[in-house]
Amino acid sequence: MSERQSIEACIRANLEDYFQDLDGTDPAGLYDMLLKVMEKPLLDVVMQRAGHNQSRAADWLGLNRNTLRKKLVEHQLLK
């Protein structure tokens, strides 16, 4: 059985791969790009684990329920 990597280690490894793939080209808008690609799967998994209960998911995420709902709409994750 293999050890699980922390989320931070996974992100770090993927960022290293990303920069290697750039092959010396400077990235642009990296911060916003990462937030966008991370937010949707985060919201999706948390909503599934919370049984699609928005109040529960908002509590887990430390967000206001209205903020969560806005983000779910933005990412087309509402059922």
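Residues numbered from 1 in each chain as written. Predicted model: local features only at pLDDT ≥ 70, side-chain atom pairs only at ≥ 80, totals over all residues. Heavy atoms only, no water.

> Any chance you could explain the nonpolar core here in plain terms?
The nonpolar side chains of a soluble globular protein tend to be buried, and buried together. Of all hydrophobic cores here, the largest spans nine residues; its members are Leu43, Val46, Met47, Ala50, Ala57, Ala58, Leu68, Leu72 and Leu77. Of all the secondary-structure elements, those providing two or more residues to this core are α2 (30-49), α3 (54-61) and α4 (65-74). Excluding residues that lie within four positions of it along the chain, Met47 makes contacts with His52, Asn53, Gln54, Ala57, Leu68 and Leu72. (Core = buried A, V, L, I, M, F, W, Y, C linked by side-chain atoms within 4.5 Å. Buried < 20%, exposed > 50% of the residue type's maximum accessible area, 1.4 Å probe, protein only. Helix = DSSP H or I, 4+ residues; strand = E, 2+ residues; numbered from the N terminus. Contact = heavy atoms within 4.5 Å.)

> Even after reading the chapter, I still don't get the pattern of salt bridges, so can you show me in this structure?
Opposite charge on two side chains lets them pair, provided their charged atoms get close. Applying the stated criterion to the full structure yields two salt bridges. Across the pair Arg12 and Glu8 runs a salt bridge, and its minimum N-O distance is 3.7 Å. On the criterion of helical spacing, the pair formed by Arg12 and Glu8 is a turn pair, its members being four residues apart in helix α1 (residues 7-22). No difference in accessibility class separates Arg12 from Glu8, as the two residues are exposed. With a shortest N-O distance of 2.8 Å, Lys71 and Glu39 are connected by a salt bridge. Here the residue Lys71 occupies a position in helix α4, and Glu39 occupies one in helix α2, the gap between them amounting to 32 residues. (Salt bridge = Lys/Arg side-chain N within 4 Å of Asp/Glu carboxyl O.)

> Which parts of the structure should I look at to understand the packing of α2 against α3?
α3 packs onto α2 with a crossing angle of 125° between their chain directions and a minimal axis gap of 9 Å. The orientation of α2 relative to α3 falls into the category oblique. Considering only the axes of α2 and α3, their crossing is right-handed. Taken together, the residues of α3 that come into contact with α2 (itself represented by Leu42, Leu43, Val46, Met47 and Arg49) are Gln54, Arg56, Ala57, Trp60 and Leu61. Its residues assigned to classes, the contact of α2 with α3 comprises seven nonpolar, one polar and two charged. (Axes fitted to C-alpha atoms, helices over the stretch in contact; angles between N-to-C directions. Parallel < 35°, antiparallel > 145°, perpendicular 65-115°, else oblique. Left-handed = near helix turned anticlockwise from the far one by under 90°. Nonpolar A, V, L, I, M, F, W, Y, C, P; charged D, E, K, R; others polar.)

> I'm lost on a negative patch on the surface in this one. Help?
Together, Glu16, Asp17, Asp21 and Asp23 give the surface a local cluster of negative charge. The topology assignment puts Asp23 in the loop between α1 and α2. (Patch = residues over 30% accessible without salt bridge, like charges linked within 9 Å, V, L, I, M, F, W, Y side chains within 5 Å. Areas by Shrake-Rupley, 256 points an atom, 1.4 Å probe, with all protein chains shown as cover. Lys, Arg positive; Asp, Glu negative; His and termini not counted. Charge placed at Lys NZ, Arg CZ, Asp CG, Glu CD.)

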